[in-house]
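Structural description and commentary
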Amino acid sequence: KNEVEQSPQNLTAQEGEFITINCSYSVGISALHWLQQHPGGGIVSLFMLSSGKKKHGRLIATINIQEKHSSLHITASHPRDSAVYICAVAQGAQKLVFGQGTRLTINP
Amino acid sequence: DAGVIQSPRHEVTEMGQEVTLRCKPISGHNSLFWYRQTMMRGLELLIYFNNNVPIDDSGMPEDRFSAKMPNASFSTLKIQPSEPRDSAVYFCASRPQSRSGNTIYFGEGSWLTVV
């Protein structure tokens, strides 16, 4: 079993839909990252959180430390949100362990 | 700031050849990471440096791989000799300070194909 599991692996939705991507982990962490990777490969850090909830524009990330679970939500999804979303947990100060990613496709 | 700069962006090489990937971290960042991404295994940490010193190289797959950071603004990842199974995207990333509370910044990646 992977230390970081994401679901779903693939998600296709229509423009405007509310999107939820889940991440569960089985190890102790100091922080959790949500990353976005667009076609062409560049990786951008969306959120880093260790408790509670963070919001940036239409994106919301939550984490429940007791349940070892985090969710990434996208409101009013748009085709430009199409990307691979990767959950990564920080073990200690530096080491990141990555989930396999969720490929999101938003159709117009 | 220009962000983390990697070169080359794309490289195709023949099996047995030496490959050198280069990275310039964001100025002022004192942690640098090399990651590899493949379809089968996703993103994996190969090695990371703190203040130019290698801290954890347990992810380096074998002796064919080596990494150096001669100064705060430059790092290399070398594969010698290269093999087809080394084909992957290699990402360099940097981060300010040695604390988990700081965002990590990735380069655009070096796409390596070994034929």
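Residues numbered from 1 in each chain as written. Chains lettered and ligands numbered in written order. Predicted model: local features only at pLDDT ≥ 70, side-chain atom pairs only at ≥ 80, totals over all residues. Heavy atoms only, no water.

Side note on the overall build of chain B
- Looking only at helices and strands, one finds zero helices and 11 strands in chain B.
- The secondary structure elements of chain B, listed N-terminal to C-terminal, are β-β-β-β-β-β-β-β-β-β-β.
- Whereas a compact globule of 115 residues would reach a radius of gyration of roughly 13 Å, chain B reaches 13 Å, a difference of no more than 12%.
- In terms of its C-alpha atoms, chain B occupies a principal-axis envelope of roughly 40 × 30 × 30 Å.
- Intrachain contacts of chain B at a sequence separation of at least 6 include 54% that bridge at least 24 residues.
- For chain B, the accessible area works out to roughly 5600 Å², and carbon and sulfur atoms hold 50% of it. (Helix = DSSP H or I, 4+ residues; strand = E, 2+ residues; numbered from the N terminus. Rg over C-alpha atoms; globule rule 2.2 N^0.38 Å. Contact = heavy atoms within 4.5 Å. Areas by Shrake-Rupley, 256 points an atom, 1.4 Å probe, with all protein chains shown as cover.)

Thoughts on the state of the cysteines
- Counted according to the given criterion, the structure contains two disulfides over all chains.
- With its sulfur 2.0 Å from that of its partner, A:Cys23 forms a disulfide with A:Cys87. Across the S-S bond linking A:Cys23 and A:Cys87, the dihedral sits near -60°, which makes this disulfide left-handed. With a gap of 64 residues between them, A:Cys23 in strand β3 (residues 19-25) and A:Cys87 in strand β9 (residues 83-91) connect regions that are remote in the sequence.
- On the basis of relative accessible area, A:Cys23 is assigned to the buried category, the value being 0%.
- You can call A:Cys87 buried: its relative accessible area is 0%.
- Here B:Cys23 pairs with B:Cys92 through a disulfide, and the sulfurs are 1.9 Å apart. Measuring handedness by torsion sign, the sulfur bridge of B:Cys23 and B:Cys92 sits at about -70° and is left-handed. Taken together, the positions of B:Cys23 in strand β3 (residues 19-24) and B:Cys92 in strand β9 (residues 88-95) put the pair 69 residues apart, joining distant regions of the chain. (Disulfide = S-S within 2.5 Å. Buried < 20%, exposed > 50% of the residue type's maximum accessible area, 1.4 Å probe, protein only.)

Here we look at the side chain of B:Arg64
Residue and element names in this part refer to chain B.
- Its location among the elements puts Arg64 in the loop between β6 (53-56) and β7 (65-71).
- At 2.8 Å, the side chain of Arg64 forms a polar contact with the backbone oxygen of Pro81.
- Other than its neighbours up to four places away in sequence, Arg64 contacts Lys78, Ile79, Gln80, Pro81, Ser82, Glu83, Arg85 and Asp86. (Polar contact = N/O pair within 3.5 Å; in protein donor to acceptor, adjacent residues only side chain to side chain.)

Considering the interface of chain A and chain B
- With 19 residues of chain A at the interface, the matching set in chain B holds 28 residues.
- Taking both partners together, chain A and chain B bury about 1700 Å²; carbon and sulfur atoms supply 56% of that area.
- Contact with chain B buries area across many residues of chain A, yet A:Ile43, A:Gln94 and A:Phe98 alone supply 36% of it, more than any other trio.
- Across the contact surface, chain A and chain B share zero salt bridges.
- Our count for the chain A to chain B interface comes out at two residue pairs in polar contact (both at pLDDT 80 or more).
- Within the residue set of the side of chain A that touches chain B, elements represented by two or more residues are β4 (31-37), β5 (43-49) and β10 (95-98) of chain A.
- At four residues, the largest contribution of residues to the side of chain A that touches chain B is made by β4(A).
- A per-class count over the side of chain A that touches chain B returns eight nonpolar, 10 polar and one charged. (Buried area = accessible area lost by both parts, 1.4 Å probe. Salt bridge = Lys/Arg side-chain N within 4 Å of Asp/Glu carboxyl O. Nonpolar A, V, L, I, M, F, W, Y, C, P; charged D, E, K, R; others polar.)

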